[in-house]
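Structural overview
This is what each chain is made of:
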Amino acid sequence: MKGRTSYKMIIVLALGYAFLFGPIVILIVYSFNASKLVTVWGGFSLKWYGELLKDKGILDAFWNSLRIAFCTAGFATALGTIAGYVMARFGRFRGHTTFASTITAPLVMPEVITGLASLLLFVSMERIIGWPQGRGMLTIWIAHVTFATAFVAIIVSSRLRDMDLSIEEAALDLGAPPLKVFFVITLPIIAPALISGWLLAFTLSLDDLVITSFVAGPGSTTLPMKVFSAARLGISPKINAIGTLIVLIASFFIVSFSIISFKMEKKRKREAQQAFENN
Amino acid sequence: MTTTPEQKKEPSIGADASKPFVLKPFVEIINISKNFDNFVAVSGINLQIAEGEIFALLGSSGCGKSTLLRMLAGLETPTTGEIIIDGQDMASIPPFKRPINMMFQSYALFPHMTVEKNVAFGLKQDRVPKKQIKERVMEILKLVEMEAYAKRKSHQLSGGQMQRVALARILVKRPKLLLLDEPMAALDKKLRAQMQIELVDILEDVGVTCIMVTHDQEEAMTMASRIAVMDKGSIIQTGPPSVVYEFPNSRFTAEFIGSVNLFHGKIVEDAADHAIIRCEEIENDVYIDHGVTGTADMLVSVAIRPEKMIVTHDKPDEKYNWTQGIVEDIVYLGSFSTYYVKLTNGKRAIATQANLNRTIHERPTWEQKVYLSWLPVSGVMLTK
């Protein structure tokens, strides 16, 4: 009885995984296809990876994306942390609801709207105050920070709400002024949430196509834009190759982050157990 | 022994015998109130606490005791009133500059620091020289018997150890006033009894003035030299544990501290040295060895503690202070037994009797008719 149940469960699990990861597996497999036709298997080859390295357009776009994602993640983490702190710690001040909903609006706003609104803003700003001049990396960065901040703020404020408020009060009581409490006590304790927020902001920025397309200018093509336009002209196995590389890099970061936090948690539990047994 | 100049300058934390508190209280709380929106948490509290005293604020949850403590620490701003500590008004002093330190209910140790760093944190904020910090931290960890755990982090400690570290962390700053918020709430029952005694020993060793908050009357009576019973944001009664227990000033205190038999009635005779009260619930009049400033026919309550009730099989000879009933329930607790006696008119009275010898057959048993009596010095008349 028990054996049959688990047998069925394994099938269901396999189907679930196939649904989620099948397309990615196909993408990876076909990146090693020798044939130029994406859908026909022509034997194993690494030639598309070689082609990729020669394609300056894709490499430039990849470099652009990385730079934007890096700067976005850093700035969004800083802004999001401040916003999250205000949402979680400042109580119900006047305009609390308005503040919280404007911060989190990008989470529910359709990307097309956010993108269009950002474009209109940049155009009218240029007309009125002459800045930012034209569209490019700067405008993409500003637009990305806007929506990535929302995600970081949510992560940070929920972590802060879980944190024992009396830890901060104790630091204040022991003689540390509020700003010092924030940097010496609060920040180190919520550091894991900041890392998650940074990684999320990085991936979101790296991945974004819709908003980027609205606010991009000449010379600021990002990787998703490049891939999308390449795909419209006809899919080249080179796209599969770059997709595979991105999947590999992303999995590397996610897997190592989870292994580290899993090990730290295990160590912490073991030590807590020991402390309990010693008494 | 040579002392460094810094050490000489620091004030002694021990109680200063040359300053009698009768003339000048060390902590003075004057007409303090705190409102949250429309809710009154603390209303018009006046309190004076002497140097070196361990004072307990006792009350059920939501009675405002924690709010009062947080106002002393500076974590809440009073709506009205003044707090004066050692002659200094605290109103304009932010929490991080007050000579007061608080131990939190959760202990609030910094999880990312070792025990040593936790304890050193407060001294670092005061810019104490590094060498002195190390000495003082080690000295205080030794006092709370935690020096072997200096390099551990808080999750590697048991509840009792965390409490010691939390205590060390505030004691090391040599505060003028120590605040303890439910110091035993995070410990299990057995450890609690042991730590109550140890904590008082440490506090008396150091000689620091201390205000604690608790909802546990046993804890308050074990640890404090004086208790304030609080209800709905006000103080009902203040006094040493024995006074609050034996001479409650109101029905609330009588019922809150320990259990009590309350009989309602009216005064039939009121003299300077005694009073006689007629209660419908008991057959005979109650004779109490103290009078009240009241009028005849005034409605009052008589409070008699269960351990002051005497359970007998024979009818007492006295004219006053006894009643009869049927034993409804007996709770045997080893050192004493509690008898629930149903009086003739249906009211239930509680009496505890020490089990002085091992024979059981002489004690009252279920459904038996018994007489409850008490001495004139046992009852307390309550007008509130």
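From a predicted model like this one, the values you see are computed outputs, not experimental measurements. Just so you know, the residues in each chain are numbered from 1, in the order the chain's sequence is written. Each chain takes a letter, starting from A, and each ligand takes a number, starting from 1, following the order in which they are written. Side-chain atom pairs in this predicted model are given and counted only at pLDDT of 80 or more, local residue features only at pLDDT of at least 70, and totals for whole chains, interfaces and linings cover all residues. Remark: hydrogens and water are excluded; side-chain values derive from all non-hydrogen atoms of the structure.

**Let's talk about the sheet that holds strand 7 (residues 177–181) of chain B**
Either a parallel or an antiparallel arrangement is found when strands of a sheet pair, and the pairing is made through backbone hydrogen bonds. Residues and elements named next belong to chain B. Criterion used throughout: strands pair if DSSP finds at least two bridges between them. Each helix is a run of H or I in the DSSP string that is no shorter than four residues. Each strand is a run of E no shorter than two, and both are numbered from the N terminus. Strand order in the open sheet formed by six strands is 6-7-8-3-9-10, and the pairing between neighbours is mixed. Strand pairing shows two members of the sheet lacking a second neighbour, strand 6 (100–103) and strand 10 (234–239), which therefore form its edges. Between one strand axis and the next, the sheet turns by 20 degrees as a mean value, whatever way the strands run. Note: strand 3 (residues 54–58) against strand 8 (residues 209–214), five bridges, orientation parallel. Comment: axis = line fitted to C-alpha atoms, over the contacting stretch for helices; angle = value between 0 and 180 degrees taken between N-to-C directions.

**Focus on the layout of surface pockets**
Residues and elements named next belong to chain A. In this structure, the largest pocket spans a volume of roughly 1,000 Å³. Taken together, the elements giving at least two residues each to the lining of the largest pocket come down to helix 6 (137–162), helix 8 (178–207) and helix 11 (237–277). As a working rule, the residues Ala, Val, Leu, Ile, Met, Phe, Trp, Tyr, Cys and Pro are called nonpolar, Asp, Glu, Lys and Arg charged, and the rest polar, with Gly in that last group. By residue class, the composition of the lining of the largest pocket is 15 nonpolar, six polar and eight charged. Two kinds of site are reported from a 1 Å grid over the protein atoms alone, namely cavities, where a 1.4 Å probe fits but cannot get out, and pockets, open sets with protein on both sides within 12 Å along at least five of seven lines, and residues are called lining when an atom falls within 4 Å of a point. Grid points are joined across faces, edges and corners, and a volume is the space filled by probe spheres set on the points. Roughly 830 Å³ of volume is contained in the second largest pocket. If you go around the second largest pocket, you meet 25 residues; those closest to its centre are Thr203, Leu206, Ile246, Val247 and Ala250. Elements with a contribution of two residues or more to the lining of the second largest pocket: helix 3 (56–89), helix 8, helix 10 (223–233) and helix 11. Among the elements that take part in the lining of the second largest pocket, helix 11 stands out by supplying 10 residues, more than any other. Within the lining of the second largest pocket, the residues separate by chemical class into 20 nonpolar, four polar and one charged.

**Here we look at the packing of helix 6 of chain A against helix 8 of chain A**
Residue and element names in this part refer to chain A. Where helix 6 meets helix 8, the axes come as close as 9 Å, and the angle between the chain directions of the two elements is 150 degrees. Here helix 8 runs roughly antiparallel to helix 6, going by the angle between their axes. The chirality of how helix 6 crosses helix 8 is right-handed. Residues His144, Phe147, Ala148, Phe151, Val152, Ile155, Val156, Arg159 and Leu160 of helix 6 form the contact with helix 8, whose own contacting residues are Thr186, Ile189, Ile190, Ala193, Leu194, Ser196, Gly197, Leu200, Ala201, Leu204 and Ser205. Per-class residue counts for the contact of helix 6 with helix 8 are 14 nonpolar, five polar and one charged. When describing relative orientation, an angle under 35 degrees is termed roughly parallel and one over 145 degrees roughly antiparallel, while 65 to 115 degrees is termed roughly perpendicular and anything else oblique. Each helix crossing is assigned a hand: it is left-handed if the near helix lies turned anticlockwise from the far helix by less than a right angle, otherwise right-handed if that turn is clockwise. Any pair of residues with heavy atoms lying within 4.5 Å of one another is described as a contacting pair.

**With respect to the pattern of salt bridges**
All names here are of chain B. Definition used for salt bridges: Asp or Glu carboxyl oxygen within 4 Å of a side-chain nitrogen of Lys or Arg. Tallying each qualifying case throughout the model produces 23 salt bridges over all chains. Residues Asp285 and Arg278 are paired through a salt bridge, measuring 3.1 Å at the closest nitrogen-oxygen approach. Burial classes: relative accessible area under 20% of the type maximum marks a residue as buried, over 50% as exposed, and values in between as partly exposed (1.4 Å probe, protein chains only). Residue classification places Asp285 among the buried positions, given a relative accessible area of 15%. Taking the relative accessible area as the measure of exposure, Arg278 reaches 48% and is therefore partly exposed.

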